[in-house]
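Understanding the architecture of this molecule
These are the residues of each chain, in order.
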Amino acid sequence: MIIKQDNGWSPYFAGALSGLLLVFSVGVAGKYFGASTTFVRTTGMVEKIFGADRVAHMPYFIKEAPIIDWQWMFVIGIFIGSLIAATLFGSFCWKSLPNTWIEHFGENKTLRAVTAFLGGIIAMFGARLADGCPSGHGISGSLQLAVSGFIALICFFIGGMIVVRILYRGGDQS
Amino acid sequence: MTDLIGGLTTGILFGFLLQRGQVIRYDKQIGALRLQDMTIIKYMLSTICVGMVGVYLLYDMNFAKLAIKPTILGGVVIGGLLFGIGWGLLGYCPGTALAALGEGRLDAGWGILGMLVGAGLYAEAYPMLKNSVLTWGDFGKITLPQVLGINHWIIIVFFIFSTFALFRWLHTKKI
């Protein structure tokens, strides 16, 4: 498959515009960015199909009710916005294995799927325990100079660096 | 309803910028954790610097409220490290996983399914964690200006200068 060369925009430029977007969102709607609560709400909606009574009595689903709110739509919007940009600039392509992964672990799609799935479970459990992810704590928290935001951001990177050091020890295969 | 349309619109613009900044790729996220490609650091710190100035200007003019998350060391440190471990395995964070799926990255889909399961497991564990880990080292909703006892603009100016110094250093290192 031939993919047109697309180097995107400078991360400084895209980052600064994202900062402006956030300021605008806070000023107009009073909403800070975040993503991980949406996963709780969605899981709550799915669990409600199988046992509405049980979900209604679970403290965490009472705290973060299984409803569609601003952030839920925001997260869906992220998917749509990325799809639009990727299509518009010709960088959309179906891929089940990232390049860095192939270089080190080869082309086993099941191994990648299992690792991504397990990683997702641990990441979300951690994000809920920390009360935020890189959007909520890392960006929104630290830009408000919240102590929790900076501590979370540092811990995210420490945990990630340890895992990646173990996964990618010994350099690349090729 | 306006709330929902506002959320969707903001999300679409954010997703667009994430894709254009190329920060949603596994290679970029793992590249940062391997200290080989600092694209996501450049992106995040640029967002934070602009956001910091803008939000505190609005705050000083009484146009905006802060929404500070409490600093509960047990939750933030243990949860933060756990998140990092999962992030290193997955290579996407919750927001970027959705954006990566929008670019056609199917492995992000497995990550999203995993994250939904993780959220469910946390909901099961919450009553137990609430009375243990989430009571350890609870300092409430504190900010750096409060802790250091100085005006927020001093910290903001310092933060921006440090960020520029870091950017220059990253530039010389070519990462």
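See the structure printed just above.
Just so you know, these numbers come straight off a predicted model, no measurement behind them.

When helices and strands are counted, chain A shows 8 helices and 0 strands. Its helices and strands in sequence order give chain A the pattern α-α-α-α-α-α-α-α, from N to C terminus. Along the first, second and third principal axes, the C-alpha atoms of chain A reach 50 × 40 × 35 Å. Counting all 174 residues of chain A, 52% fall into the buried class. Partitioning the contacts of chain A with sequence separation of at least 6, the portion at a separation of at least 24 is 51%.

Summing up its helical and strand segments, chain B has 8 helices and 0 strands in all. Summarising its shape, the C-alpha atoms of chain B cover approximately 45 × 45 × 40 Å along the three principal directions. The buried share of chain B, taken over its 175 residues, is 54%. Residue pairs at least 24 apart in sequence account for 58% of intrachain contacts in chain B once pairs closer than 6 positions are excluded.

Across the boundary between the two partners, chain A contributes 107 residues, which contact 104 residues of chain B. If you list the elements that add at least two residues to the side of chain A that touches chain B, you get helix H1 (11-29), helix H2 (36-57), helix H3 (59-63), helix H4 (70-88), helix H5 (99-105), helix H6 (109-130), helix H7 (134-143) and helix H8 (147-167) of chain A. Sorting elements by how many residues they give to the side of chain A that touches chain B places H6 of chain A first, with 18 residues.

Moving on, we get to the environment of Phe 159 of chain B. With respect to the helices, strands and loops of the structure, Phe 159 of chain B is situated in helix H8 (residues 152-173). With 110 residues separating them along the chain, Phe 159 of chain B and Cys 49 of chain B place their C-alpha atoms 7.7 Å apart.

For an α-helix, the turn length of 3.6 residues means that residues three or four places apart are oriented alike. Taking 1.5 Å as the rise per residue, helix H1 (residues 2-20) of chain B with 19 residues should run 27 Å; its terminal C-alpha atoms sit 27 Å apart, in good agreement. Immediately downstream of H1 of chain B, the backbone of Gln 22 of chain B shows phi near 55°, a positive value.

The residue Gln 71 of chain A is located in helix H4 in this model. As for Gln 71 of chain A and Thr 38 of chain A, which are separated by 33 residues in sequence, their C-alpha atoms are 6.5 Å apart. Dropping the residues within four chain positions of it, Gln 71 of chain A is found in contact with Gly 34, Thr 37 and Thr 38 of chain A together with Gly 7 of chain B.

Moving on, we get to helix H2 (residues 26-33) of chain B. For H2 of chain B, a buried count of 7 out of 8 residues is recorded, marking the element as mostly surrounded by other parts of the structure. Every buried residue of H2 of chain B is listed here: Tyr 26, Lys 28, Gln 29, Ile 30, Gly 31, Ala 32 and Leu 33 of chain B. Elements that come into contact with the buried residues of H2 of chain B comprise H5 and H8 of chain A together with helix H3 (39-60) and helix H4 (73-90) of chain B. Just downstream of H2 of chain B lies Leu 35 of chain B, where phi reads positive at about 60°.

So, how was this worked out
- Residues numbered from 1 in each chain as written.
- Chains lettered and ligands numbered in written order.
- Predicted model: local features only at pLDDT ≥ 70, side-chain atom pairs only at ≥ 80, totals over all residues.
- Helix = DSSP H or I, 4+ residues; strand = E, 2+ residues; numbered from the N terminus.
- Buried ≥ 20, exposed ≤ 12 C-beta atoms within 10 Å, placed from the backbone.
- Contact = placed C-beta atoms within 7 Å.
- Expected span 1.5 Å × (residues − 1).

Shape is all these values report; function is a separate question.
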